[in-house]
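These are the residues of each chain, in order.
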Amino acid sequence: MEKKIRKSNIELLRIIAMGLIIASHLSYYGGAYYHTEGIDKFVACLFLTGGKLGVSLFVMIGCIFMTKKNMSFKAVLRLLMTMIVIYMSCTIIFFAVGEPVSFKSLLNPLNKYWFVNVYVGLMLVSPWLKKLMDALDYRSNKNLCIVLTLICAIFPTLRFDGEFTNQFIWFV
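Rules of the game
- Residues numbered from 1 in each chain as written.
- Predicted model: local features only at pLDDT ≥ 70, side-chain atom pairs only at ≥ 80, totals over all residues.
- Heavy atoms only, no water.
- Helix = DSSP H or I, 4+ residues; strand = E, 2+ residues; numbered from the N terminus.
- Expected span 1.5 Å × (residues − 1).
- Buried < 20%, exposed > 50% of the residue type's maximum accessible area, 1.4 Å probe, protein only.
- Arc of directions from axis to C-beta.
- Contact = heavy atoms within 4.5 Å.
- Core = buried A, V, L, I, M, F, W, Y, C linked by side-chain atoms within 4.5 Å.
- Salt bridge = Lys/Arg side-chain N within 4 Å of Asp/Glu carboxyl O.

Trainee: Break down helix 1 (residues 8-29) for me, citing the residues and quoting the values.
Mentor: Over its 22 residues, helix 1 extends 31 Å from the first C-alpha to the last, a length consistent with the 32 Å expected when each residue adds 1.5 Å. Buried residues of helix 1: Ile10, Ala17, Ala23, Ser24 and Ser27, and no others. Taken down its axis, helix 1 places every buried residue within 145 degrees of arc, on the same side. Facing away from the buried side of helix 1, by more than 90 degrees, are the exposed residues Ser8, Leu12, Ile15, Ile22, Leu26 and Tyr29. Where helix 1 is buried, its residues meet helix 2 (38-66). Looking one or two places after helix 1, you find Gly31, whose phi comes out positive at around 100 degrees.

Trainee: I'd love a proper account of the nonpolar core, names of residues and values included.
Mentor: In this structure, Val55, Val59, Met66, Val76, Leu80, Met83, Tyr87, Val116, Tyr119, Val120, Leu122 and Met123 together form the largest nonpolar core, which totals twelve residues. Of all the elements in the fold, those that place two or more residues in this core are helix 2, helix 3 (73-96) and helix 5 (114-135). The biggest single contributor to this core is helix 5, with five residues.

Trainee: Describe the pattern of salt bridges, naming the residues involved and giving the relevant values.
Mentor: Within the structure shown, the criterion is met by one salt bridge. Measuring nitrogen to oxygen at the nearest pair gives 3.4 Å for the salt bridge that ties Lys130 to Asp134. Taken together, the residues span about one helical turn, with Lys130 and Asp134 both in helix 5 at a distance of four residues.

So, in structure tokens, the structure goes:
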């Protein structure tokens, strides 16, 4: 059996990305973005921007691993089932401690989490994206990545409004 080599630099980047996403959520859902002014508002906006950067890093890391193997429908199903089990478990816990739980939310758990939905979409189109990347030479690949990063990640991030626009294109 072949031993897997851990890439600690990639693991560290994942940890940083998670920290940026958590800081963004604290700023947005904790109210700092909406209830502050001046320098505090600026810091809250930086945290929101950091969250978008964190998501971009997370997706890029996922894409690195996605291009090294063929995407299977089984992998998509496994991701969706994992998300549903986690969602239902949390819902049961919330219900047990007396939090209001709507029947409608139980029927459609996939509607609540944009990241999973968009990531599944990315997984489904990844075979064609991989073919496109394989068809281009190194320089064209590099230029395409730079242009797409500017258009889909950097420019939307610099808007500082905390709104996520067209997440599917942003991931691609």
